[in-house]
Amino acid sequence: MINLCLFGAGRIGAIHAANVSQHPDVQIKFVVDVNQTAAEQFAKQYGATVTDANTALADTTVTGVIIASSTDTHADLMIRSARAGKTIFCEKPIDLNIERVKECLKVIDDFQVACALGFNRRFDPQFNQLHYQLQQGKIGELQMVSITSRDPSPPPAHILPATGGLFRDMMIHDLDMARWLLDEEPVEVFASASCLIDPAIGELGDVDTAMVVLKTASGKLCQISNSRQAVYGYDQRIEVFGSKGMLQANNNTATNLSFSGEQGVITEKPLHFFLERYADAYKAELDNFIETIRGTTNPLANQQDGLKALMLADAALESATTGKRITIN
């Protein structure tokens, strides 16, 4: 039996706990959360015990941790888990401060523990197949990547300071996808952003609409489009273009049904939000983490990917703020 400790009994923690329960030889042994009531509900549902971080990490039967708590706790819990010799899965971002992330990564390297980062879109069946076909040379030499990522509605403005804003919270997923698909590190970033949807977001110094262009040393280009409000649903599409053609991954809908009539052809809206759109990705991500604990594979996204995506997010924010193209060292 693989015993895990779950840090965080919120929405994301619930997704991971449910996916853990699908594995008969894996269990959540401990739940740790500042919200005692939420922790107790999780513990009752999954047969776990509510405890504190020190107790959970000191338990030698716990081989892995899932860190799904608030962003400001991630780095500390990763450091403590690494020192305790646990295999780590952590939601993004590792931290909002680059130097703190580097400090965290040094500890993980020093204690030689495996670490998976929650860039779940790499595990999406459509995007994963697009990546595979790209690697197989389906479109020849890659020249351009276009990533569209738009939420159905903006988040409550008051939570944004804790998340790091659009670039570090939302676009960081797309920046990771860009790195993964380009297969070459971007060396230039140019971003432009506005607040067009919710004035309260702008009052907090954040944006809700942004476009970014990335360029690699060889000249490959990637364009990312983000919006906090797509009235038709959760818009998640990727296009890769190359010397021999193009691959596209389009939006998922509840079914493949469409209606054709006198007024035209009507199809369904995209799935409403990330819980529905990336349900399969979350399952595959958890499977990858469990196999990492078993030693049969490596994380598809690791702590270095977390650092590099955050570096790009910071560069995009700097570019949008200054209006200048930013060079990545």
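A short tour of the structure in this document, coming up. (Residues numbered from 1 in each chain as written. Predicted model: local features only at pLDDT ≥ 70, side-chain atom pairs only at ≥ 80, totals over all residues. Heavy atoms only, no water.)

**Quick word on the overall build of the chain**
A tally of regular secondary structure across the chain gives 12 helices and 15 strands. With respect to the three principal axes, the spread of C-alpha positions in the chain is 60 × 50 × 45 Å. Expressed as a percentage of its 329 residues, the buried residues of the chain come to 50%. Counting only contacts in the chain whose residues sit at least 6 apart along the sequence, the fraction spanning at least 24 positions is 72%. Split by element, the accessible area of the chain, about 15,300 Å² in all, is 50% carbon and sulfur. Of the side-chain charges in the chain, 28 are positive and 39 negative, and the distance between the mean point of each set is 3 Å. (Helix = DSSP H or I, 4+ residues; strand = E, 2+ residues; numbered from the N terminus. Buried < 20%, exposed > 50% of the residue type's maximum accessible area, 1.4 Å probe, protein only. Contact = heavy atoms within 4.5 Å. Areas by Shrake-Rupley, 256 points an atom, 1.4 Å probe, with all protein chains shown as cover. Lys, Arg positive; Asp, Glu negative; His and termini not counted. Charge placed at Lys NZ, Arg CZ, Asp CG, Glu CD.)

**Remarks on the pairing of strand 12 (residues 245–249)**
Pairing between strand 11 (residues 235–242) and strand 12: five bridges, direction antiparallel. Bridge pairing links Gly242 to Gly245 in strand 12. Once strand 11 ends, the chain turns through two residues before running back antiparallel as strand 12. (Pairing = 2+ DSSP bridges.)

**Brief notes about helix 1 (residues 11–20)**
Burial analysis of helix 1 places seven of its 10 residues in the buried class, which makes it a mostly covered element. Listing the buried residues of helix 1 in full gives Ile12, Gly13, Ile15, His16, Ala17, Asn19 and Val20.

**Re the pattern of salt bridges**
Summed over all chains, the structure comprises 23 salt bridges. The salt bridge partner of Lys106 is Asp110, with a shortest N-O separation of 2.9 Å. Separated by four residues within a single helix, Lys106 and Asp110 lie in helix 5 (residues 98–111), roughly one turn from each other. Judged by its relative accessible area of 52%, Lys106 is exposed. Its relative accessible area of 49% is what places Asp110 among the partly exposed residues. (Salt bridge = Lys/Arg side-chain N within 4 Å of Asp/Glu carboxyl O.)

**Concerning the nonpolar core**
Nonpolar side chains in soluble globular proteins tend to be buried together. Among the nonpolar cores identified, the biggest contains 65 residues, and Leu4, Phe167, Leu181, Val212, Ile224 and Val240 are the most heavily contacted of them. It is helix 8 (residues 165–182) that contributes the most residues to this core, 10 residues altogether. The contacts of Ile224, once residues within four sequence positions are left out, are Ile147, Met171, Asp174, Leu175, Ala178, Ala210, Met211, Val212 and Leu214. Listed in part, the 33 residues of the second largest apolar core include Val32, Ala56, Ile79 and Cys104. (Core = buried A, V, L, I, M, F, W, Y, C linked by side-chain atoms within 4.5 Å.)

**A few points about helix 12 (residues 303–322)**
For helix 12, with 20 residues, the first-to-last C-alpha span of 29 Å sits near the 28 Å given by 1.5 Å per residue. If you check which residues of helix 12 are buried, you get Gln303, Asp305, Gly306, Leu307, Ala309, Leu310, Leu312, Ala313, Asp314, Ala315, Ala316 and Ser319. Contacts from the buried residues of helix 12 go to helix 5, strand 6 (115–117), helix 8, strand 8 (186–194), strand 9 (209–216) and strand 15 (326–327). With a side-chain oxygen positioned 3.0 Å from the backbone nitrogen of Gln304, the residue opening helix 12 is Asn302. Of the residues flanking the end of helix 12, it is Gly323, one or two places downstream, whose phi is positive at about 80°. (Expected span 1.5 Å × (residues − 1). Polar contact = N/O pair within 3.5 Å; in protein donor to acceptor, adjacent residues only side chain to side chain.)

**Overview of the sheet that holds strand 4 (residues 62–67)**
Taken together, the six strands give an open sheet; going across it, the order is 3-2-1-4-5-6, and neighbouring strands pair in parallel fashion. Edge strands, defined here as strands with exactly one partner in the open sheet, are strand 3 (49–50) and strand 6. Pairing between strand 5 (residues 87–90) and strand 6: three bridges, direction parallel. Across the sheet, the residue bridging to Ile88 is Cys115, located in strand 6.

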